[in-house]
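# Chains, contacts and geometry: an overview
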Amino acid sequence: QVQLVESGGGLVQPGGSLRLSCAVSGFTLRDYAIGWFRQAPGKQRELVATIGSGGSTNYLDSVKGRFTISRDNAENTVYLQMNSLQPEDTAVYYCKVQRDYYPRDAYWGQGTQVTVSS
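Everything numeric here is computed off the predicted structure, so don't read it as measured data. Each chain has its residues counted from 1, following the order in which its sequence is written. Note on the predicted model: pLDDT of at least 70 is required for a residue's local features to be given, and 80 or more for side-chain atom pairs to be given and counted; whole-chain, interface and lining totals, by contrast, use all residues. Hydrogens are left out, water is left out, and the side-chain values use all remaining heavy atoms of the structure.

Moving on: the pattern of salt bridges. Salt bridges are defined by distance alone: a side-chain nitrogen of Lys or Arg within 4 Å of a carboxyl oxygen of Asp or Glu. Summed over the entire model, instances satisfying the criterion amount to five salt bridges. The network of salt bridges with common partners includes Arg38, Glu46, Arg66 and Asp89.

Here is the structure:
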């Protein structure tokens, strides 16, 4: 059974840091690309960061230099290190994995709340 379990969200003051984790089970992570998305109240879900199966990364412009996406294929876990957090980073954060080749199956985590506030 495929399962993605996110953790690490919470309340943090502006300028603080959090590390989100997404533990996957039911499949082998190494064949999948990974994305972290976020959705703030009243806004559309947006792609924050991606990491390919080969390790290449991409980031939303507003988080470049502050967020780092990484993967541990041996542990079947995905991470998003978030530094210098700002109130505009407040959102529910979701991880998504998608197989690099056919059948390109994709799976979502349940989301974890990140709130940046003083």
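We now examine the sheet that holds strand β3 (residues 18–25). With antiparallel pairing, the four strands of this open sheet are ordered in space as β1-β3-β8-β7. Both edges of this open sheet fall to β1 (3–7) and β7 (67–72), since each of them pairs with a single strand only. Averaged over all pairs of adjacent strands, the angle between strand axes in this sheet comes to 15 degrees, irrespective of strand direction. One bridge is not enough; two strands pair if DSSP finds at least two bridges between them. Only DSSP runs of H or I covering at least 4 residues are called helices, and only runs of E covering at least 2 are called strands; the numbering of each starts at the N terminus. Bridging between β1 and β3 involves five bridges; their strand directions are antiparallel. Bridge pairing links Leu4 to Val24 in β3. Axis lines are fitted through C-alpha atoms, for helices just across the contact stretch, and the angle between N-to-C directions can take any value from 0 to 180 degrees.

This part covers the layout of surface pockets. By volume, the largest pocket is sized at about 170 Å³. Only β4 (32–39), β5 (46–51) and β9 (91–99) provide two or more residues apiece to the lining of the largest pocket. Among the elements that line the lining of the largest pocket, the one with the most residues is β4, at four residues. Looking at the lining of the largest pocket residue by residue, the class counts come to six nonpolar, six polar and three charged. A pocket here means an open set of points on a 1 Å grid, computed over the protein atoms alone, that has protein on both sides within 12 Å along at least five of seven lines. A cavity is instead a set of points where a 1.4 Å probe fits but cannot get out; residues with an atom within 4 Å of a point line either one. Grid points are joined across faces, edges and corners, and a volume is the space filled by probe spheres set on the points. When residues are grouped by polarity, Ala, Val, Leu, Ile, Met, Phe, Trp, Tyr, Cys and Pro land in nonpolar, Asp, Glu, Lys and Arg in charged, and all others, Gly among them, in polar.

Okay, the packing of aromatic side chains next. Planes of paired rings set the category: under 30 degrees apart is stacked, over 60 is edge-to-face and the rest tilted, where pairs are Phe, Tyr or Trp rings (Trp by its six-membered ring) whose centres lie within 6.5 Å. Tallied over the full model, the rule gives five aromatic pairs. With a centroid separation of 4.6 Å and an interplanar angle of 45 degrees, the aromatic rings of Phe27 and Tyr32 are classed as tilted. We call a residue buried when its accessible area falls under 20% of the maximum for its residue type, exposed when it is over 50%, and partly exposed in between, using a 1.4 Å probe and counting protein chains only. In this structure Tyr32 comes out as buried when scored by relative accessible area, which is 2%. Ring centres of Phe37 and Trp108 lie 4.8 Å apart, and the angle between their planes is 55 degrees; this geometry places the pair in the tilted category. One end of the pair, Phe37, is in strand β4; the other, Trp108, is in strand β10 (residues 106–108), and 71 residues separate them in sequence. With a relative accessible area of 16%, Phe37 lands in the buried category. Taking the relative accessible area as the measure of exposure, Trp108 reaches 37% and is therefore partly exposed. Taken together, the ring pairs in this structure connect Phe27, Tyr32 and Tyr107 into an aromatic cluster. Taking the ring centre of Tyr94 as reference, the NZ or CZ of Arg45 above it sits at 3.8 Å. By definition, being over a ring means that NZ of Lys or CZ of Arg is both within 6 Å of the ring centre and within 35 degrees of the ring normal. Against the face of Trp108 rests Arg45, its NZ or CZ located 4.7 Å from the ring centre.

Here we take up the environment of Leu11. Structurally, Leu11 is set in strand β2 (residues 10–12). Owing to a relative accessible area of 65%, Leu11 belongs among the exposed residues under this scheme. Here the alpha-carbon distance between Leu11 and Ser118, two residues 107 residues apart in the chain, equals 9.2 Å.

For Asp105, the position within the fold is in the loop between β9 and β10. Looking at Asp105, the relative accessible area reads 15%, which means it is buried. Within the structure, Asp105 has its side chain in polar contact with the side chain of Tyr32 (distance 3.0 Å). Excluding its chain neighbours within four sequence positions, the residues that come into contact with Asp105 are Tyr32, Val97, Gln98 and Arg99. We define a polar contact as two N or O atoms separated by no more than 3.5 Å, with the added condition that, inside protein, one atom must be a possible hydrogen donor and the other a possible acceptor, whereas residues neighbouring each other in sequence contribute only through side-chain atom pairs. Should any heavy atoms of two residues lie within 4.5 Å, those residues are considered in contact.

So far we have only geometry, and geometry alone does not tell us how the molecule works.
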